[in-house]
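Topology and contacts: notes
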Amino acid sequence: MRNGFLLLAALSGFIAVALGAFGAHGLKNVAPPDLIAIFNLGVEYQFYHTFALIAVAFSGHWLKSRLLDWAGYLFIAGMVLFSGSLYLYALIGAKWTGPVTPMGGVCFLLGWLFIAVAVWRNRVKELD
């Protein structure tokens, strides 16, 4: 098992719950609905990829591939870039984060692709 990824996933889950609660309760009186929606989108994608990171941590039992490590790193980078940029934009109006958000999205896409390639390569090895 990839314990480091599991630890980071647990911390990410904790942070996502805390930020989700903050978005639901702390922001409703100080931010307009459109910024709250942006903030909540960051929380949502952080949660999705927290679970993906848990899957990467446990998949090492079945798949032996460095691509899984890369997928984990990409999910972490995606959470920081995608969700982090949305948090900054919603909280402090940091418009400079606009170009950062899609880079995080690309990290998410590549992470999922790397998992698919790792599974495909493992499947091909089993057929040999």
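What counts and what doesn't
- Residues numbered from 1 in each chain as written.
- Predicted model: local features only at pLDDT ≥ 70, side-chain atom pairs only at ≥ 80, totals over all residues.
- Heavy atoms only, no water.
- Helix = DSSP H or I, 4+ residues; strand = E, 2+ residues; numbered from the N terminus.
- Contact = heavy atoms within 4.5 Å.
- Core = buried A, V, L, I, M, F, W, Y, C linked by side-chain atoms within 4.5 Å.
- Buried < 20%, exposed > 50% of the residue type's maximum accessible area, 1.4 Å probe, protein only.
- Expected span 1.5 Å × (residues − 1).

Remarks on the environment of serine 12
As for its position among the elements, serine 12 is in helix α1 (residues 3-26). It is 6.2 Å that separates the C-alpha atoms of serine 12 and threonine 50, two residues lying 38 residues apart in sequence. Every residue in contact with serine 12, bar those within four places of it in the chain, is listed here: Gln46, Thr50 and Met79.

With respect to the nonpolar core
Residues Val56, Leu68, Phe75 and Ile115 are the most contacted members of the largest nonpolar core, which totals 17 residues. Counting residues per element, the ones that place at least two in this core are α1, α2 (33-59), α3 (66-92) and α4 (100-127). A total of seven residues in this core trace back to one element, the largest contributor, which is α3. Here phenylalanine 75 is in contact with His49, Ala52, Leu53, Val56, Phe108, Gly111, Trp112 and Ile115, once residues within four sequence places are set aside.

Comments concerning the environment of leucine 110
Structurally, leucine 110 can be placed in helix α4. In sequence terms leucine 110 and valine 30 are 80 residues apart; their C-alpha atoms lie 36 Å from each other.

Section: α1
The end-to-end C-alpha separation of α1 is 33 Å, in line with the 34 Å expected for 24 residues at 1.5 Å each. For α1, the complete set of buried residues consists of Phe5, Ala9, Ser12, Gly13, Ala16 and Gly23. On its buried face, α1 sits against α2 and α3.

That is the geometry; function is a separate question.
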